[in-house]
Amino acid sequence: MKQVPFSVIRAAKKFDSEAVLLVFQHFEGFISSQCLCCYDDKYGNIRHYVDDDLYYQAIIALLDAITSFQFKEPPDNFMS
């Protein structure tokens, strides 16, 4: 899985709209896949759909995670 660059996360934390959009786009497929529900239609076929309530709750949780992300300074011997 490709990672979101640090600079994008830092910009998203400062509410840069483009950076927040990039983070949302990065996680959109994963969020959708985790919010799938299924049902049997009248012909007995199994159908899948993204539950809107779960999806929006996950988006809110992602936004909360972006805003509460804490950056830590690396240890002094990090690059030695």
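Please refer to the structure placed before this passage.
Before going into details, it helps to say that this report is about the structure given with it. Keep in mind the model is a prediction, meaning the values are calculated, not measured.

1. Here's the deal with the packing of aromatic side chains
Tallied over the entire structure, the rule returns two aromatic pairs. On the numbers, 5.7 Å between centres and 75 degrees between planes, the contact of Y55 with Y56 is edge-to-face. Look at Y56 and you get exposed, because its relative accessible area is 51%.

2. Things to note about helix α3 (residues 52-68)
End to end, α3 covers 24 Å across 17 residues, agreeing with the expected 24 Å (1.5 Å per residue, within 8%). Packing partners of the buried residues in α3 comprise α1 (6-13), α2 (17-34) and β2 (46-50). You can read the cap of α3 off the contacts: a side-chain oxygen lies 2.9 Å from the backbone nitrogen of D53, and it is on D51.

3. Observations regarding the packing of α1 against α2
Their axes nearest at 7 Å, the elements α1 and α2 cross at an angle of 120 degrees. Classified by the interaxial angle, the pair formed by α1 and α2 is oblique. As for the relative orientation of α1 and α2, their crossing is left-handed in sense. Contacts from V8, A11 and A12 of α1 reach α2 at A19, V20, L22 and V23. Class assignment of the residues belonging to the contact of α1 with α2 gives a composition of seven nonpolar, no polar and no charged.

Rules and cut-offs
- Residues numbered from 1 in each chain as written.
- Predicted model: local features only at pLDDT ≥ 70, side-chain atom pairs only at ≥ 80, totals over all residues.
- Heavy atoms only, no water.
- Phe/Tyr/Trp six-rings, centres within 6.5 Å; stacked < 30°, edge-to-face > 60°.
- Buried < 20%, exposed > 50% of the residue type's maximum accessible area, 1.4 Å probe, protein only.
- Helix = DSSP H or I, 4+ residues; strand = E, 2+ residues; numbered from the N terminus.
- Expected span 1.5 Å × (residues − 1).
- Contact = heavy atoms within 4.5 Å.
- Polar contact = N/O pair within 3.5 Å; in protein donor to acceptor, adjacent residues only side chain to side chain.
- Axes fitted to C-alpha atoms, helices over the stretch in contact; angles between N-to-C directions.
- Parallel < 35°, antiparallel > 145°, perpendicular 65-115°, else oblique.
- Left-handed = near helix turned anticlockwise from the far one by under 90°.
- Nonpolar A, V, L, I, M, F, W, Y, C, P; charged D, E, K, R; others polar.

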